[in-house]
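# Descriptive analysis of the structure
Here is what each chain is made of, one letter per residue.
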Amino acid sequence: MGRYGLWRMGRDTDPSFGVAADRYGFGSIWYGGVSADLDIPAQVLAATERIVVGSGIVNIFATEPREVAASYHRLQHEHPDRFILGVGLGHPERTELARRPISALQAYLDVLLAGGVPADRIVLAALGPRVLSIAAECTGGAQPYLVTPEHTRRARGILGGSPLLIPEQRVVIDDVRASALETARPGVEFYLNLRNYRRNLERLGFTPEELDSASPRVIDALVVSGCGADLKAGLDAHLEAGADHVLAQVITPDGEDPAPDVAALAAALGLA
């Protein structure tokens, strides 16, 4: 996959974004909130020839693992070794089933593995030490979301040297730092109200008060902004901390078309 990929919300069902990612030279494109039929990855795989596509993530509480396994095998047959199955717990607030998340995750993985999905083609949306340990022991690695390079460093220490580590990083292409952080703020604030992300950021040293107010220090730590070399340095910080591959989630003001910014990012990374 090389060093750099992209992350995109799964509600974007138009494969043109994935086609553009492939054209600009990114090694992977990952989609959040993917359904059990893996329809969005399937569309992008069918429309491209090279790029790796990942689910980031399939929610274990919203999907049936046998259906997911069958969908995986279909994609593997049609597009060999171009799909990685990312699975995870989602947001605990969203379901009563999440009362025992670790045992539920392990049971879900057991069904996938029994269904013939290779362990090294599965990655977990792992934030805390327990799920990172499961990722190291039972799957091909971890794909953490809304993290800092310091989290990447700690995650590598838990995973060990071999498993994949593929963090997501928010990116705003704007050389005025203040406006860039305001562009990123609404999306970050949403996750700061979810306890799994709050706990993770508290482990990294942010206080409840900082998280409640989405303080400048919090936003600044979670967002890479600028142009050219600044963007590359921000993504490379994860690689230097132990990531194998880093996923840029390009954030634009008020939902503007991200395609021009994706092109600019590719140029900054030396891909275009």
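Our subject is the structure that appears above.
What comes next concerns the included structure. (Residues numbered from 1 in each chain as written. Predicted model: local features only at pLDDT ≥ 70, side-chain atom pairs only at ≥ 80, totals over all residues. Heavy atoms only, no water.)

The next point concerns the overall build of the chain. What the chain contains, in helices and strands, is 12 helices and 11 strands. For 272 residues, the compact-globule formula gives about 19 Å, and the C-alpha radius of gyration of the chain, at 17 Å, lands near that figure. C-alpha atoms of the chain, sized along the principal axes, occupy 50 × 40 × 35 Å. Considering only residue pairs separated by 6 or more positions, the chain has 69% of its internal contacts joining residues 24 or more positions apart. Per element, the accessible surface of the chain, about 11300 Å² overall, is 52% carbon and sulfur. Each charge class in the chain can be summarised by its mean position, and for the 25 positive and 34 negative side chains these summaries are 6 Å apart. (Helix = DSSP H or I, 4+ residues; strand = E, 2+ residues; numbered from the N terminus. Rg over C-alpha atoms; globule rule 2.2 N^0.38 Å. Contact = heavy atoms within 4.5 Å. Areas by Shrake-Rupley, 256 points an atom, 1.4 Å probe, with all protein chains shown as cover. Lys, Arg positive; Asp, Glu negative; His and termini not counted. Charge placed at Lys NZ, Arg CZ, Asp CG, Glu CD.)

The next thing to look at is the side chain of Gln 249. By the secondary structure assignment, Gln 249 is in strand β11 (residues 246-250). Given the relative accessible area of 7%, Gln 249 is considered buried. Side-chain polar atoms of Gln 249 contact the side chain of Tyr 145, separated by 3.1 Å. (Buried < 20%, exposed > 50% of the residue type's maximum accessible area, 1.4 Å probe, protein only. Polar contact = N/O pair within 3.5 Å; in protein donor to acceptor, adjacent residues only side chain to side chain.)

Applying the stated criterion across every chain, the model contains 6 aromatic pairs. Through a chain of ring-to-ring contacts, the aromatic side chains of Trp 7, Tyr 145, Phe 190, Tyr 191 and Tyr 197 assemble into a single cluster. A cation over an aromatic ring shows up here: Arg 8 above the ring of Phe 17, its NZ or CZ 4.2 Å from the ring centre. Residue placement shows Arg 23 over the ring face of Tyr 24; its charged tip is 5.0 Å from the ring centre. (Phe/Tyr/Trp six-rings, centres within 6.5 Å; stacked < 30°, edge-to-face > 60°. Lys NZ or Arg CZ within 6 Å of the ring centre and 35° of its normal.)

Below, the discussion takes up the pattern of salt bridges. Applying the stated criterion to the full structure yields 13 salt bridges. Arg 154 serves as the salt-bridge partner of Glu 150, at 2.9 Å between the closest nitrogen and oxygen. Here the residue Glu 150 and the residue Arg 154 both occupy positions in helix α6 (residues 149-159), the gap between them amounting to 4 residues, near one helical turn. Residue Glu 150 is classed as partly exposed on the basis of its relative accessible area of 28%. (Salt bridge = Lys/Arg side-chain N within 4 Å of Asp/Glu carboxyl O.)

With their axes 9 Å apart at the nearest point, helix α5 (residues 129-138) and α6 run at an angle of 50° to one another. Accordingly, the angle class assigned to the pair α5 and α6 is oblique. Like other packed secondary-structure pairs, α5 and α6 cross with a definite hand, here right-handed. Counted together, Pro 129, Leu 132, Ser 133, Ala 135 and Ala 136 of α5 and Ala 155, Ile 158 and Leu 159 of α6 form the full contact between these two elements. Broken down by class, the residue content of the contact of α5 with α6 amounts to 7 nonpolar, 1 polar and no charged. (Axes fitted to C-alpha atoms, helices over the stretch in contact; angles between N-to-C directions. Parallel < 35°, antiparallel > 145°, perpendicular 65-115°, else oblique. Left-handed = near helix turned anticlockwise from the far one by under 90°. Nonpolar A, V, L, I, M, F, W, Y, C, P; charged D, E, K, R; others polar.)

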